[in-house]
Amino acid sequence: MTPKPKQESISAGPSLAKAIDAYLSGDEIREYVAAHHSSFGRLLEGCFEFKTHAEAEKLSSMLALNTPDPARASLGFWELFSNAVEHGNLGIDMDEKARLMLNGRLMEEIDRRQLEEPYCDRCVRVHFCARAAEVTIRVVDQGEGFDHLRMLSFDPSPDRPNGRGIQMALQMCFDSLRYEGNGNVVEGRMQFPKE
């Protein structure tokens, strides 16, 4: 029996607490998930591959439908998947993303990079495993990695438009996040009360 990965300890700074409140006050994710329940039964395990934000969004929603708490899972999966695309495969670092967001050019830059070398052939691989009381998701991108220990304790200023995703995912969605190697592999676990 392997020991459960230790949950990283973080605190919700003012900007993270504000982002969490904004998420909790919105019903968009819950409504989307409720409207798209699966008609083929429950997916217990699978391997997936995607390249784009649009594919990441669809996969995060589809996989979330196979968990006891789709709203919680959808947010967590989306955070890991979008980070794998943007920061991993496309090599957009946190400061560059902030500048692009402030200039309204993030999606333009994402679209541009996905068409050129070396980014155009990169994909994200996901392994999903759902059990009655636990869901595990492993996300692997083809980027160079990042300083995940720094990001787990990063507290962005209230004026910064980004930098909260990993902390929000850990605080609201996952019971543990474990990064491997240079940070381009992450495994998240969600535990649920036994039915």
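Residues numbered from 1 in each chain as written. Predicted model: local features only at pLDDT ≥ 70, side-chain atom pairs only at ≥ 80, totals over all residues. Heavy atoms only, no water.

### Describing the confidence of the model for the chain
Link 1 in the chain: The predicted model of the chain has a mean per-residue pLDDT of 79, with 71% of residues at 70 or higher.
Link 2 in the chain: Contacts from residues 1-17, a stretch scored under 50 in pLDDT, to residues over four places away or in other chains number 31 contacts. (pLDDT = per-residue confidence, 0-100. Contact = heavy atoms within 4.5 Å.)

### Side note on the nonpolar core
Link 1 in the chain: Core analysis: the biggest nonpolar cluster contains 38 residues, and Phe77, Phe81 and Ile137 have the highest contact counts within it.
Link 2 in the chain: Looking at this core, the elements that each hand over two or more residues are helix H3 (53-64), helix H4 (70-89), helix H6 (106-113), strand S2 (124-130), strand S3 (134-140), helix H8 (165-172), strand S4 (176-180) and strand S5 (185-191).
Link 3 in the chain: In terms of residue count, H4 provides more of this core than any other element does, seven residues in total.
Link 4 in the chain: Leave out the neighbours within four places in its chain, and Ile137 touches Leu63, Phe77, Leu80, Phe81, Val126, His127, Phe128, Phe174, Val186, Glu187 and Gly188. (Core = buried A, V, L, I, M, F, W, Y, C linked by side-chain atoms within 4.5 Å. Buried < 20%, exposed > 50% of the residue type's maximum accessible area, 1.4 Å probe, protein only. Helix = DSSP H or I, 4+ residues; strand = E, 2+ residues; numbered from the N terminus.)

### Structural notes on the sheet that holds strand S1 (residues 45-50)
Link 1 in the chain: What the five strands build is an open sheet, ordered S1-S2-S3-S5-S4; its pairing is antiparallel. At either margin of the open sheet sits one strand with a lone partner, and together these are S1 and S4. This sheet shows a mean twist of 15° between the axes of neighbouring strands, independent of strand direction.
Link 2 in the chain: Both S3 and S5 contribute to a ladder of seven bridges, which runs antiparallel. When the bridges of S5 are listed, Arg138 appears paired with Glu187.
Link 3 in the chain: In the packing of H3 onto the sheet, the strands contacted are S1, S2 and S3, and the crossing angle to S1 comes to about 165°.
Link 4 in the chain: Along the sheet, H4 makes contact with S1, S2, S3, S4 and S5, crossing S3 at roughly 10°. (Pairing = 2+ DSSP bridges. Axes fitted to C-alpha atoms, helices over the stretch in contact; angles between N-to-C directions.)

### A short note on the pairing of S3
Link 1 in the chain: With six bridges connecting them, S2 and S3 associate as antiparallel partners. Paired with Cys129 across the two strands is Thr136, which belongs to S3.
Link 2 in the chain: Following S2, the chain reverses through three residues before pairing antiparallel with S3.

### A closer look at helix H5 (residues 94-102)
Link 1 in the chain: Burial in H5 covers these residues: Met94, Lys97, Ala98 and Leu100. End-on view of H5: buried residues confined to an arc of 165°, all on one side of the axis. Residues Arg99 and Leu102 are exposed on H5 and point more than 90 degrees away from its buried face.
Link 2 in the chain: The residue sitting at the N-terminus of H5 and contributing the capping side-chain oxygen is Asp93; that oxygen lies 3.1 Å from the backbone nitrogen of Asp95. (Arc of directions from axis to C-beta. Polar contact = N/O pair within 3.5 Å; in protein donor to acceptor, adjacent residues only side chain to side chain.)

### Observations concerning the packing of H3 against H4
Link 1 in the chain: Closest axis-to-axis distance for the H3/H4 pair is 8 Å, and the angle between their directions is 155°. Looking at the two axes, H3 sits roughly antiparallel to H4. For the crossing formed where H3 meets H4, the hand is right-handed. In this structure, H3 contributes His53, Ala56, Glu57, Leu59, Ser60, Ser61, Leu63 and Ala64 to the contact, and H4 contributes Pro70, Ala73, Ser74, Phe77, Trp78, Phe81, Ser82, Val85 and Glu86.
Link 2 in the chain: For the contact of H3 with H4, the class distribution of residues is 10 nonpolar, five polar and two charged. (Parallel < 35°, antiparallel > 145°, perpendicular 65-115°, else oblique. Left-handed = near helix turned anticlockwise from the far one by under 90°. Nonpolar A, V, L, I, M, F, W, Y, C, P; charged D, E, K, R; others polar.)

### Some words on unusual backbone geometry
Link 1 in the chain: Here the amide bond leading from Glu117 into Pro118 is cis, since omega sits at 0°, within 30 degrees of zero.
Link 2 in the chain: Along the chain, Pro118 falls in the loop between H6 and S2.

### Structural notes on the packing of aromatic side chains
Link 1 in the chain: Applying the stated criterion to the full structure yields four aromatic pairs.
Link 2 in the chain: Both rings, one in Phe50 and one in Phe81, keep their centres 5.2 Å apart while their planes meet at 50°; by these two values the pair is tilted. Separated by 31 residues along the polypeptide, Phe50 in strand S1 and Phe81 in helix H4 bring together distant segments of the chain.
Link 3 in the chain: Residue Phe81 is classed as buried on the basis of its relative accessible area of 0%.
Link 4 in the chain: Seen from their ring centres, Phe77 and Phe174 are 6.4 Å apart, and the 40° between their planes marks the pair as tilted. Residue Phe77 is found in helix H4, and its partner Phe174 is found in the loop between H8 and S4; the two are separated by 97 residues along the sequence.
Link 5 in the chain: Given a relative accessible area of 3%, Phe174 falls into the buried group.
Link 6 in the chain: Pairwise contacts between aromatic rings join Phe50, Phe77, Phe81, Phe128 and Phe174 into one cluster. (Phe/Tyr/Trp six-rings, centres within 6.5 Å; stacked < 30°, edge-to-face > 60°.)

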